[in-house]
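Single-letter residue listing:
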Amino acid sequence: MTGPPAPVGLHVLADLDRIDPAVLDDAAGLRTALADALTAAGATVRQVVAEAFEPHGVTVVALLSESHASVHTWPEHGRALVDVFTCGDAADPERAVALLATALGGTVRESRTEARGGTPPVREPIAPGLTRVWDVERPVHRETTPYQRILIAGTAHGVTLFCDDERQSAESTQLVYHEALFVPAALLARSRARVLVIGSSEGVVSELALACGAGHVDHVDLDAAAVRACATHLPYGYDEKALAAAEAHDGPVHVHYADGLQWVRGEGPRYDVIVVDLPDERPDEPDNQLNRLYGRDFLADCRDRLAPGGVVVSQAGNPALWRDATLRAAWARFHEVFGDVVYVGSDEHEWSFLLGRAAGDDAVERMRAALPGLPYRPLSVDDEFLRSRTVPPRRLRTR
């Protein structure tokens, strides 16, 4: 049986400024102004009560069929704090606030709108002072693991994976991202027989490696719960049957729930391609354990585990001028560790990757020459991509 729909509404919190103190001390006038603004915005006003205080100040509360509204005034500062909460879509709380400000002769100094009830949006931190808000249509899976908070939910980009409120992949764009991450590295490497994947919990890179001709893939991820949630709930990457086989080491993909930092340290098998696919580096959190897998020592350990002609590729951050600090730091570290460094920018514009290898022939020409013989037919990587998307941003070229 389907239950009644959850209450869903908008709650506007606003700070009105530059209002005549006499207006803010007039309880009757405030009652009228609030009721009129709410009615004009589509709300149904049931009751309005007001209380005047000594020596000054008034509180007005309106009970609505849709929920409530309130005004609290500070005449000595010429300010009023307002909140309007309406359920459903009949009333427009933002319009009510704007109309009230006009009626009181003031300005809206600050206002914010919060979704209430239903599924709250995801607020993804992008850069200091900048947040991206994802409307969530339907949550599929929520879980807090020992390492991170996971949300898999429907968005405008299809089923989307968030870790600690950061979008990691989305149904509509994940293949573009993963092809730019893996295919150029596969083309540049002398062989693709043995691949190591660190992170990349969805399993798409493991599948791309097999499609590109790998005979064995070691997939190392610290968070078993995240890998299993992805296999269960994402429509791309591993499914539950494929993951169960990989966990049992029954087939060409072997999943290991282990620390990638330790996996590459010291002696062990050599790999033709090593893929490091992790959430962004956290330079503002110096103690974050994730940062260890972006450091010079880790890259050097990866380099030392390469087979002759092998390639290391890592997710390296965003090339946008206002968000490229981690990319520039990664670029410098790669040049300290590798004889040759290749930049790849994804058509999914937020992402860029760095490839490191021993010095050799012209990397771009090698990739272009290898593309026709690749067993896998990429949807987003072609000859023009390899010529154009391997040009580093000018800030990297002129470092």
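Residues numbered from 1 in each chain as written. Predicted model: local features only at pLDDT ≥ 70, side-chain atom pairs only at ≥ 80, totals over all residues. Heavy atoms only, no water.

Quick look at a negative patch on the surface
Quick reminder of the rule: Patch criteria: residues need more than 30% relative accessible area and no salt bridge. Like-charged residues are merged within 9 Å; nonpolar side chains of Val, Leu, Ile, Met, Phe, Trp and Tyr are merged within 5 Å. Surface accessibility in these figures is a Shrake-Rupley result with a 1.4 Å probe; residues are shielded only by whichever protein chains are displayed. By salt bridge we mean one thing: a side-chain nitrogen of Lys or Arg within 4 Å of a carboxyl oxygen of Asp or Glu. Positive charges are assigned to Lys and Arg, negative charges to Asp and Glu, while His and the chain termini are left out of the count. To locate a charge, the coordinates of NZ of Lys, CZ of Arg, CG of Asp or CD of Glu are taken. In DSSP terms, a helix is any run of H or I states spanning at least four residues, a strand is any run of E spanning at least two, and both are numbered starting from the N terminus.
A cluster of acidic residues, Asp25, Asp26, Glu54 and Glu76, forms a negative patch at the surface. With respect to the helices and strands, the residue Asp26 is situated in the loop between α1 (21-24) and α2 (27-40).

Some points on the domain arrangement of the chain
Cut-off, in case you're wondering: An automatic or database domain assignment supplies the start and end points of every domain.
Under the domain assignment used here, the chain contains domain 1 (9-116), domain 2 (122-170) and domain 3 (173-397). Computed from C-alpha atoms alone, the centre-to-centre distance between domain 1 and domain 2 is 33 Å.

Remarks on the nonpolar core
Rules: What we call a nonpolar core is a set of buried Ala, Val, Leu, Ile, Met, Phe, Trp, Tyr and Cys residues that are connected through their side-chain atoms within 4.5 Å. Relative accessibility thresholds used throughout: buried, under 20% of the residue-type maximum; exposed, over 50%; partly exposed, between the two (1.4 Å probe, protein chains only). Pairs of residues are marked as contacts when any of their non-hydrogen atoms sit within 4.5 Å.
Membership of the largest hydrophobic core comes to 53 residues, with the highest contact counts inside it found for Leu161, Phe182, Val195, Val275, Phe353 and Leu355. Each of two domains, domain 2 (122-170) and domain 3 (173-397), supplies a minimum of three residues to this core. Excluding its chain neighbours within four sequence positions, the residues that come into contact with Val275 are Leu181, Phe182, Leu196, Val197, Ile198, Val205 and Val313.

Looking at the packing of aromatic side chains
Put simply, the rule reads: Aromatic rings from Phe, Tyr and Trp, with only the six-membered ring used for Trp, were paired whenever their centres fell within 6.5 Å, and each pair was classed as stacked if the ring planes differed by under 30 degrees, edge-to-face if by over 60, and tilted otherwise.
Under the criterion given, the structure shown has four aromatic pairs. Arranged with centres 5.5 Å apart and planes meeting at 75°, the rings of Trp134 and Phe162 form a pair that is edge-to-face. On the criterion of sequence distance, the pair formed by Trp134 in strand β8 (residues 130-134) and Phe162 in strand β11 (residues 158-163) is long-range, its members being 28 residues apart. Look at Tyr177 and Trp351: their rings are 5.5 Å apart centre to centre, the planes differ by 80°, and that puts the pair in the edge-to-face class. Linking Tyr177 in helix α4 (residues 174-188) with Trp351 in the loop between β18 (340-345) and β19 (352-357), this pair joins segments that are 174 residues apart in sequence. For Trp351, a relative accessible area of 11% translates into the label buried. Of the aromatic side chains, those joined through ring pairs into one cluster are Tyr177, Trp351 and Phe353.

Some details on the packing of α4 against helix α5 (residues 204-211)
What counts, and what does not: Lines fitted to C-alpha atoms define the axes here, with helix axes fitted over just the stretch in contact, and angles between the N-to-C directions of these axes take values from 0 to 180 degrees. When describing relative orientation, an angle under 35 degrees is termed roughly parallel and one over 145 degrees roughly antiparallel, while 65 to 115 degrees is termed roughly perpendicular and anything else oblique. Note: crossing handedness is left-handed where the near helix turns anticlockwise from the far helix by less than a right angle, and right-handed where it turns clockwise. As a working rule, the residues Ala, Val, Leu, Ile, Met, Phe, Trp, Tyr, Cys and Pro are called nonpolar, Asp, Glu, Lys and Arg charged, and the rest polar, with Gly in that last group.
At a minimum axis distance of 10 Å, the contact between α4 and α5 shows a crossing angle of 60°. The angle between the axes of α4 and α5 places the two elements in the oblique class. Viewed along their axes, α4 and α5 form a crossing whose handedness is right-handed. Contacts between α4 and α5 involve Gln174, His178, Glu179, Leu181 and Phe182 from the first element and Val204, Val205, Leu208 and Ala209 from the second. Among the residues forming the contact of α4 with α5, the class breakdown is six nonpolar, two polar and one charged.

Some words on the UniProt feature "binding site: S-methyl-5'-thioadenosine" (unreviewed entry) in the chain
As a reminder, the rule being used: UniProt positions are given in the numbering used here, feature names are shortened, and annotations may be inferred rather than shown by experiment.
Mapped onto the present numbering, the UniProt feature "binding site: S-methyl-5'-thioadenosine" (unreviewed entry) falls at Gln148, Asp221, Asp259, Gly260 and Pro286. Along the chain, Asp259 falls in the loop between β15 (253-256) and α8 (260-263). Setting aside residues up to four positions removed in sequence, Asp259 forms contacts with Val220, Leu222, Arg292 and Leu293. Position of Pro286 among the secondary structure elements: in the loop between β16 (271-277) and α9 (296-304). Given a relative accessible area of 66%, Pro286 falls into the exposed group.

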